[in-house]
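# Coordinate inspection notes
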Amino acid sequence: MRLALARKTSPDIPLARGYRWREIALPALPLLVFLLSFPLGRYAISPGQLLTILAAKVFPIEPTWPATMETVVFQVRLPRIIAAMLVGASLATAGAAYQGMFKNPLVSPDILGASAGAGFGAALAIYFSLGVVGIQVSSFLFGLLAVGLTWTLSSRIRRDPILILVLAGILIGTLFSSGTSLIKYVADPYDKLPAITFWLMGSLAAIAPRDVWTALVPILVGTLPLYLLRWRLNVLSLGEEEARSLGLDTGRLRLIVILCSTLITAASVAISGMIGWVGLIIPHLARMLVGPNYRELLPAAILIGSAYLLLVDDLARVLTSVEIPLGILTSIIGAPFFLYLLLNARRGWV
């Protein structure tokens, strides 16, 4: 009965003014960026040609364009665009969930060591000359392993569960980061070291259609429970004692949030490399637009995160003749933008 009361009252958290128009603008944002991203690139494709090529997949239109153009659209740009949106949405979702669970606005998806573990797994696979699939599998598994070690370590210490979990995450993340540094130190400086360094900076340049399908399943499996349980994150963000007084099993919910967030973070890092700041700033931006109620905050973070990383990827492709790693751009954009959000915040973050 207490949980029913919490579910009934959680939507009463005040929303930002003018929320109604955002119900239309936020879903339209990723769609607009999706369509505008196709013509961008070294191989020029006009909007008219793009619409014709896309329509030819549905309607019986006789091709008047070279086969190369269709290959660029469906084998190069479409997988990359979808991957950028998936990764952006995943990191924003994990960041929003972690910030509510830990009641801390500075929490990001790598707080429990998932990114550090995934980076170590990728560096290890590159060092042993594994292929693209081997790198992605190794990165994904070590990301899960890092968070598993964090959870196991924290469960053996019977004190403040949130604080111990964060400290265990920092410890495990540091160990895996040290392992990555060791691999870089002993790697071949002319072959393996540049590959490891470039992967750790984050990029979607080598995305293939199979990579999208590989990441899609774990991302959906991790995102769906968080979306369905988003109203409980409102209760969890109130604090441990308040949540328990409302009948919420905080231990089980915390485990679900960690499992789902780890799954989508590891899957994202496995195909994109290390991309920071997305899971930190996007939940804050969503919170400023729709308020702290997770029933609206989580969908807004998903939509804004997908559009944001796709825009950053577009910049990486067109700013210079050489593609800029995404991790560099997200840091350059994210740090001052986060400062702006802090200076102009009008409401609490939970």
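Rules and cut-offs
Residues numbered from 1 in each chain as written. Predicted model: local features only at pLDDT ≥ 70, side-chain atom pairs only at ≥ 80, totals over all residues. Heavy atoms only, no water. Core = buried A, V, L, I, M, F, W, Y, C linked by side-chain atoms within 4.5 Å. Buried < 20%, exposed > 50% of the residue type's maximum accessible area, 1.4 Å probe, protein only. Helix = DSSP H or I, 4+ residues; strand = E, 2+ residues; numbered from the N terminus. Contact = heavy atoms within 4.5 Å. Phe/Tyr/Trp six-rings, centres within 6.5 Å; stacked < 30°, edge-to-face > 60°. Arc of directions from axis to C-beta. Axes fitted to C-alpha atoms, helices over the stretch in contact; angles between N-to-C directions. Parallel < 35°, antiparallel > 145°, perpendicular 65-115°, else oblique. Left-handed = near helix turned anticlockwise from the far one by under 90°. Nonpolar A, V, L, I, M, F, W, Y, C, P; charged D, E, K, R; others polar. pLDDT = per-residue confidence, 0-100. Salt bridge = Lys/Arg side-chain N within 4 Å of Asp/Glu carboxyl O.

One finds Tyr98, Met101, Phe102 and Leu112 to be the most contacted residues of the largest nonpolar core, which totals 72 residues. Here this core gets 18 residues from one element, more than from any other, and that element is helix α4 (residues 67-102). Setting aside anything within four residues of it in sequence, one finds leucine 112 in contact with Tyr98, Phe102, Ala146, Val147, Thr150, Leu165, Gly169 and Ile258. Ile126, Ile172, Ile196 and Trp199 belong to the second largest nonpolar core, which has 17 residues in total.

Next up on the list: the environment of threonine 250. With respect to the element layout, threonine 250 can be found in helix α12 (residues 250-272). Of the residues examined, threonine 250 reaches a relative accessible area of 1% and is grouped as buried. For threonine 250 and phenylalanine 102, which are 148 residues apart along the polypeptide, the C-alpha to C-alpha distance reads 12 Å.

A word on the packing of aromatic side chains. A full pass over the atoms with the stated rule returns eight aromatic pairs. Seen in terms of ring centroids, phenylalanine 120 and phenylalanine 176 are 5.5 Å apart; in terms of plane orientation they differ by 65°. Their pairing is edge-to-face. Linking phenylalanine 120 in helix α5 (residues 114-127) with phenylalanine 176 in helix α7 (residues 161-186), this pair joins segments that are 56 residues apart in sequence. One exposure class covers both phenylalanine 120 and phenylalanine 176, and it is buried. With 6.5 Å between their ring centres and 75° between their planes, phenylalanine 142 and phenylalanine 176 make a pair best called edge-to-face. Taken together, the residues span a long stretch of sequence, with phenylalanine 142 in helix α6 (residues 132-155) and phenylalanine 176 in helix α7 at a distance of 34 residues.

Of all the positions in helix α8 (residues 192-201), only Lys192, Ile196, Trp199 and Leu200 are classed as buried. Down the axis of α8, the buried set is contained in an arc of 100°. They therefore lie on one face. Buried residues along α8 sit in contact with α5, α6, α7 and α12. Positioned one or two residues after α8, glycine 202 has a phi angle of 85°, which is positive.

The next point concerns the packing of α4 against α12. Following both chains from N to C, one finds α4 and α12 inclined at 150°, their axes separated by 9 Å at the closest point. When the axis of α4 is compared with that of α12, the two are roughly antiparallel. As α4 packs across α12, the resulting crossing turns out to be left-handed. For the pair α4 and α12, contact is made by Ala83, Val87, Ser90, Leu91, Thr93, Ala94, Ala97, Tyr98 and Met101 and by Arg254, Val257, Ile258, Ser261, Thr262, Ile264, Thr265, Ser268, Ile271 and Ser272, respectively. Here the contact of α4 with α12 is built from residues that sort into 11 nonpolar, seven polar and one charged.

Turning our eyes to something else, we now look at the confidence of the model for the protein. Averaged over the protein, the pLDDT score is 86; the fraction of residues at 70 or greater is 91%. Confidence scores differ between elements of the protein, with helix α1 (residues 2-9) showing the lowest mean pLDDT of 44 and α5 the highest of 95. In this model, residues 1-18 is a region of pLDDT below 50 whose contacts with residues beyond four sequence positions or in other chains number 34 contacts.

Here we take up the side chain of threonine 93. Locating threonine 93 in the fold gives a position in helix α4. Setting aside residues no more than four positions away along its own chain, threonine 93 makes contact with Thr223, Leu226, Ile264, Leu298 and Ile302.

Where helix α3 (residues 47-56) meets α4, the closest approach of the two axes is 11 Å, and the angle between their N-to-C directions is 80°. Classed by the angle they form, the pair α3 and α4 counts as roughly perpendicular. Where α3 approaches α4, its residues Gln49, Leu50, Ile53 and Leu54 are matched on the opposing element by Met69, Glu70, Val73 and Phe74. The class makeup of the residues in the contact of α3 with α4 is six nonpolar, one polar and one charged.

Looking at the secondary structure, you find valine 290 in helix α13 (residues 278-290). Look at valine 290 and you get buried, because its relative accessible area is 1%. For the pair valine 290 and valine 58, spaced 232 residues apart in sequence, the C-alpha separation works out to 37 Å.

Let us now look at the pattern of salt bridges. Evaluated as defined, the whole model comprises five salt bridges. Of the charged contacts, one joins aspartate 211 and arginine 210 as a salt bridge, the two residues approaching to 4.0 Å between their closest N and O atoms. When its relative accessible area of 2% is taken as the criterion, aspartate 211 is described as buried. With relative accessibility at 45%, the residue arginine 210 sits in the partly exposed group. When salt bridges that share partners are traced, they join Arg80, Asp313 and Glu323 into one network.

With that settled, the discussion passes to unusual backbone geometry. Non-glycine residue lysine 103 carries a positive phi angle of around 55°. Residue placement: lysine 103 occurs in the loop between α4 and α5.

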